Amino acid sequence: MIWAEVGKVAVGAVLMAISAGVTILLVAGMEATSKRVERKAVTLLQLWLSPEQAEQYSSHGHFEVVGSDTGTRYRIRHGRMMNIDQLDSAGNKVCEWCFAPKGNLAAGDCMLAQKIALERFESGALAIANHRPA
Amino acid sequence: MATQIVMDHTGDSRHQFDPADAAAVAEAEARFKRLAGAGFAAVKRLGEGKSEILRSFDPTAEETLFIPRLQGG
């Protein structure tokens, strides 16, 4: 009788260990995939940056763009949300803007879409964006 | 070879085609129309960080990027 109980406990422990192991492998796999996707998106971003922007991004993790309609300078920081700073002529932050492509995209893709939008159709992009003062 | 790059959850998906191959060009144009119809912005890379928004399919574009519709964050 007691051996039957011991057996149940042992089987339960083994199943829990297997479950934990599978969970760890799944999480590790998801993290690896996420990093691979992020690297791929940043590689694409770097191909589309100007040499100056690429240097800024490499050195500081952000780069500047000039708005197509107003000539306003913006700083796009690495990230997906609330990562666009509008700058004044002295380079001070005036406010933050937030817009991004639909879908669960990597930061590199979001930053590239933000760059192109501000450089090619600034007014349209800001019309749908949210913003908050600095 | 020309390349169409579509931003997605994997980073991007790429479709290459030979501009001299009429059937491949037709397939690329159909993809362009399908994506544009779904709200993607099509952008041609000009080099040196410059780009151009495409309103219609450009078979001479070496690299066209498709960006999903933008939304406020």
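Residues and numbers for the interface of chain A and chain B, please.
A common measure of how large an interface is: the accessible area buried when the components associate. Taken together, the contact pairs 29 residues of chain A with 19 residues of chain B. Looking at the side of chain A that touches chain B, the elements that each hand over two or more residues are helix H1 (2-48), strand E4 (93-101), helix H3 (107-120) and helix H4 (122-128) of chain A. Tallied by class, the residues present in the side of chain A that touches chain B amount to 20 nonpolar, five polar and four charged. Here three bridges tie E4(A) to strand E6 (residues 70-72) of chain B, and the two strands are oriented antiparallel to one another. Within the sheet, the bridge partner assigned to A:Phe99 lies in E6(B) and is B:Gly72.

Could you give an account of the sheet that holds strand E5 (residues 63-67) of chain B, naming the residues involved and the relevant values?
Judged by pairing direction, the sheet is mixed, and its five strands sit side by side in the order E2-E1-E5-E3-E4 (chain B) without closing on themselves. Only two strands of the sheet have a single partner each, and these edge strands are strand E2 (11-17) and strand E4 (50-54) of chain B. Pairs of neighbouring strands in the sheet enclose a mean axial angle of 25 degrees, with direction left out of account. Sheet topology note: the strand E1 (residues 2-8) of chain B/E2(B) ladder contains seven bridges and is antiparallel. Within E2(B), the residue paired with B:Gln4 across the bridge is B:His15. On the sheet, H3(A) packs against E1, E2, strand E3 (41-47), E4 and E5 of chain B and is oriented at approximately 80 degrees with respect to E4(B). Packed on one face of the sheet, helix H1 (residues 22-37) of chain B meets E1, E2, E3 and E5 of chain B and runs near 150 degrees to E2(B).

Calculation notes
Residues numbered from 1 in each chain as written. Chains lettered and ligands numbered in written order. Predicted model: local features only at pLDDT ≥ 70, side-chain atom pairs only at ≥ 80, totals over all residues. Contact = placed C-beta atoms within 7 Å. Helix = DSSP H or I, 4+ residues; strand = E, 2+ residues; numbered from the N terminus. Nonpolar A, V, L, I, M, F, W, Y, C, P; charged D, E, K, R; others polar. Pairing = 2+ DSSP bridges. Axes fitted to C-alpha atoms, helices over the stretch in contact; angles between N-to-C directions.

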